[in-house]
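# Residue-level structure breakdown
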Amino acid sequence: MTLVLSIKTASKALLANKTRSSLTMLGVIIGVAAVIVMIAIGTGAQQTISQQIASIGSNLLIIIPGSTTSGGLRMGFGSKPTLTLDDARAIEQECDAAQYAAPIFPGTAQVVYGNQNWSTLVSGVTPDYEEVRGWKPVKGRFFSRLEMDGAVKVCLLGQTVVKQLFGDSEPLGQIIRINKVPFRVIGVLVYKGQSPLGQDQDDAILVPLTTAMKRLFREELPGVVRYIMVKAKSIERMAEAEEQIRTLLRQRHGLSREEQEDDFSIRNLSEMMAAAEQSARVMSFLLGAIASISLIVGGIGIMNIMLVSVTERTKEIGIRIAVGARERDILSQFLIEAVVLSVSGGLFGLLLGIGGAYLIGHFFGWPILVTGPAILLAFLFAAAVGIFFGLYPARRASKLHPIEALRYE
Amino acid sequence: MPNLMEVHGLEKSYTRGTVQIPALQGISLSIAPGDFIAILGASGSGKSSLLNVLGCLDRPTKGTYLFKGTDVESLSNNQLAHIRNKYVGFIFQGFNLLPRATALENVELPLLYNAGAISGKRRQEISLAGLKNVGLEGREYHLPTQLSGGEQQRVAIARALINEPEIILADEPTGNLDSKTSLEIMEIFQRLNREKGITIVLVTHEADIAAFCQRRVYFRDGQIMKDERITL
């Protein structure tokens, strides 16, 4: 028998028992839909994390100062002001695995515009910061090296600050007061969204580093910065960059003896984020695996109903054998019936799953991502379930003894 | 002319639970092309068992069966299926039509299992001609339940003939029919035997049905009691 004819025959047999066939299919439909929805949720979460990682900036190392010890009390990282502007400059010049080194001097400040005021994070940065964080102005421009060297009072605003201070009016060219010091707004930064830790990255103002040090936050020790962000030339060279920076800084800070501890700490952000991404991937896999169980249960439903069907149609099988059907004709007839059940169930399940995923995304506000490979995977899995669970009943049918099958009432 | 079917010392027994029931106990019989044979005997005398072995639906427990000179013992299940499909047409007492298929689809059924693929259009043509040949024009799209017993048996005959077999094996073909319809069916068999030279082996226990046959084989307890030829 040709395949097309077999599929026609199978569909006809299944249509003869509509209620039974659709209930059997329901098992597969729910299974496939569950797989699609679960993978969509997992992939969505994974994508969100990837986007957050990208929003921090790629290939980033963060250098923070070391700890101080006073009277046996160790104060933790960042408490000792050991990093300087010169350190940043030296890293950029001497470490060839590092592309940029951006020193950062942040502080919290009250900002005022007209009758609005808002407390936000004001960071003093260098023009390289734009590249390091991949954070471009959506309107206006970034400040120049000249403006930084001259400690000019200009600033760029994050989207949240714009919303809080300006509402719908135009911020470019306006003067705002940061800790009572007037600054001209020269740019609005592109939307960044939440950081992987859930902070609002757009609730920020960027000013030239020198301006921040001299005019905003009085620092007792001139030239000292809070931390330095380093962008490595590539992801492969991050470890190399880390090692070069460590050697350079130890040398610059006079830590020549082996037993002397580093007075700074280098954090590899990409590594931390990669771990987060990995755990999202594991979650996505687990969700898919749990959903697959329901698909397998659906497959058992197919096997059950096919066994019933073989018993009921024993006489039909006998007749077919009597007119010349071979074992493999009977086998393929029942196998194709099982596969038609699972594949058409799979198709309905796909539609239900895709629809369900979007509904969940819509009503719960979860990030949902239905991908082509996930659809293909669920569909092929359904077909495989049909073949696997259809094989035993089909074999049983093909092994029936002709005489006994014909005598069956 | 060589024999079409030949059995020697044929034995067949069935296992019911732990008991062995002998159905055939040493049957030897030769059937020549063009024979029209009635196998007579009480129920349980082994007539149907012989027919099943002759039709390659069952294998003998002991003894040899030569089909067109080939020992059936040496053939695979697929080869037996081919014999059933191409050389033998079965007709049963209970008609054995597929209940959900139309008369036309029932007649078509053996064509689906032919070795070479036949187009759907060609299958339909052959089947329509087959139904016409047994006088069922206009009944092609009826389900078996919508047909009378005689009509159902005609569909079964058309199905048996569709691959132009050399042999028709009929197991009490008139057992479920009234006497008038029985005669009509027997006339069809007679015509097939006379006009087309098809060999017919017919199991029955009715003498007036056996009266159509030139050769009568009497069975009792799995053995042949009498084998007579009558010149009609």
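Everything numeric here is computed off the predicted structure, so don't read it as measured data. Chains are numbered independently. Their residues run from 1 in the order of the written sequence. The order in which chains are written sets their letters, starting at A; the order in which ligands are written sets their numbers, starting at 1. Restriction of local features to residues with pLDDT of at least 70 applies here, the model being predicted, together with a cutoff of 80 or more for giving and counting side-chain atom pairs; totals for whole chains, interfaces and linings are based on all residues. To obtain the side-chain values, all non-hydrogen atoms of the structure were included, while hydrogens and water were left out.

### So, the nonpolar core
Side chains of nonpolar character tend, in soluble globular proteins, to be buried together. Membership of the largest hydrophobic core comes to 74 residues, with the highest contact counts inside it found for M5, L50 and Y65 of chain B. For helices the rule is a DSSP run of H or I covering at least 4 residues; for strands it is a run of E covering at least 2, with both sets numbered from the N terminus onward. Counting residues per element, this core draws most heavily on helix α11 (residues 327-364) of chain A, which supplies 8 residues. In this view, M5 of chain B contacts L29, S30, I31, L54, Y65, L66, F67, I167 and V201 of chain B; residues no more than four positions away in its chain are not counted. Membership of the second largest hydrophobic core comes to 46 residues, among which are C155, V161, V181 and A241 of chain A. We define a nonpolar core as any set of buried Ala, Val, Leu, Ile, Met, Phe, Trp, Tyr and Cys residues linked to one another through side-chain atoms lying within 4.5 Å. Any residue under 20% of the maximum accessible area for its type is buried, any over 50% is exposed, and the rest in between are partly exposed; the area is computed with a 1.4 Å probe on protein chains only. Residue contacts follow a heavy-atom distance rule, with two residues in contact if any of their heavy atoms lie within 4.5 Å.

### Details of a nonpolar patch on the surface
Taken together, the side chains of L359, F363, F364 and W366 of chain A define a hydrophobic patch exposed on the protein surface, amounting to about 510 Å² of accessible area. The residue L359 of chain A is located in helix α11 in this model. Each patch is built from residues lacking any salt bridge and having more than 30% relative accessible area; the joining distance is 9 Å for like charges and 5 Å for nonpolar side chains (Val, Leu, Ile, Met, Phe, Trp, Tyr). Values of accessible area rely on a 1.4 Å probe in the Shrake-Rupley scheme; residue burial ignores everything except the protein chains shown. The working definition used for a salt bridge is a side-chain nitrogen of Lys or Arg within 4 Å of a carboxyl oxygen of Asp or Glu.

### Quick look at the packing of helix α5 (residues 149-161) of chain B against helix α6 (residues 179-196) of chain B
When two helices pack together, their arrangement is captured by the angle between the axes and the distance separating the axes. Residue and element names in this part refer to chain B. The convention used is that axes are lines fitted to C-alpha atoms, helices contributing only their stretch in contact, and that angles between N-to-C directions extend from 0 to 180 degrees. One way to put it is that α5 packs onto α6 with a least axis distance of 10 Å and a crossing angle of 15 degrees. Relative to α6, the element α5 is oriented roughly parallel. Relative to α6, α5 is oriented so that their crossing is right-handed. Side by side, α5 and α6 meet where G150, Q153, R154, I157 and L161 of the first sit next to T181, E184, I185, I188, F189 and L192 of the second. Roughly parallel covers angles under 35 degrees, roughly antiparallel covers those over 145, roughly perpendicular covers 65 to 115, and oblique covers all other angles. Helix crossings fall into two classes, left-handed where the near helix is turned counterclockwise from the far one by less than a right angle and right-handed where it is turned clockwise.

### Some points on the domain arrangement of chain A
Start and end positions for the domains come from either an automated domain assignment or a database one. Here the domain parsing of chain A yields domain 1 (3-52 + 275-407) and domain 2 (81-262). Domain 1 of chain A and domain 2 of chain A are separated by 56 Å when their C-alpha centres are compared.

### So, the pairing of strand β2 (residues 19-31) of chain B
Residue and element names in this part refer to chain B. Whether two strands pair depends on DSSP finding at least two bridges between them. Inspection of the sheet shows strand β1 (residues 5-16) paired to β2 by 10 bridges, in the antiparallel sense. What sits directly across from R16, in β2, is V19. Here β1 hands over to β2 after 2 residues, with G17 in that stretch at a positive phi of 65 degrees.

### Some thoughts on unusual backbone geometry
Residues and elements named next belong to chain A. At K180, a position not held by glycine, the phi torsion is positive, near 70 degrees. By secondary structure assignment, the location of K180 is in the loop between β8 (175-178) and β9 (181-189). In this structure K180 comes out as exposed when scored by relative accessible area, which is 74%.

### Digging into the confidence of the model for chain A
One confidence number per residue, pLDDT, is output by the predictor and ranges from 0 to 100. For chain A, mean pLDDT is 87; residues scoring 70 or higher make up 95% of the total. Taking the mean pLDDT of every element in chain A, the minimum, 60, falls on strand β2 (residues 69-70) of chain A and the maximum, 94, on helix α10 (residues 314-322) of chain A.

### Describing the environment of A102 of chain A
Note on placement: A102 of chain A falls in strand β4 (residues 98-113). The contact partners of A102 of chain A, leaving out residues within four places of it in the chain, are T126, Y129, V132, Y227, I228 and M229 of chain A.

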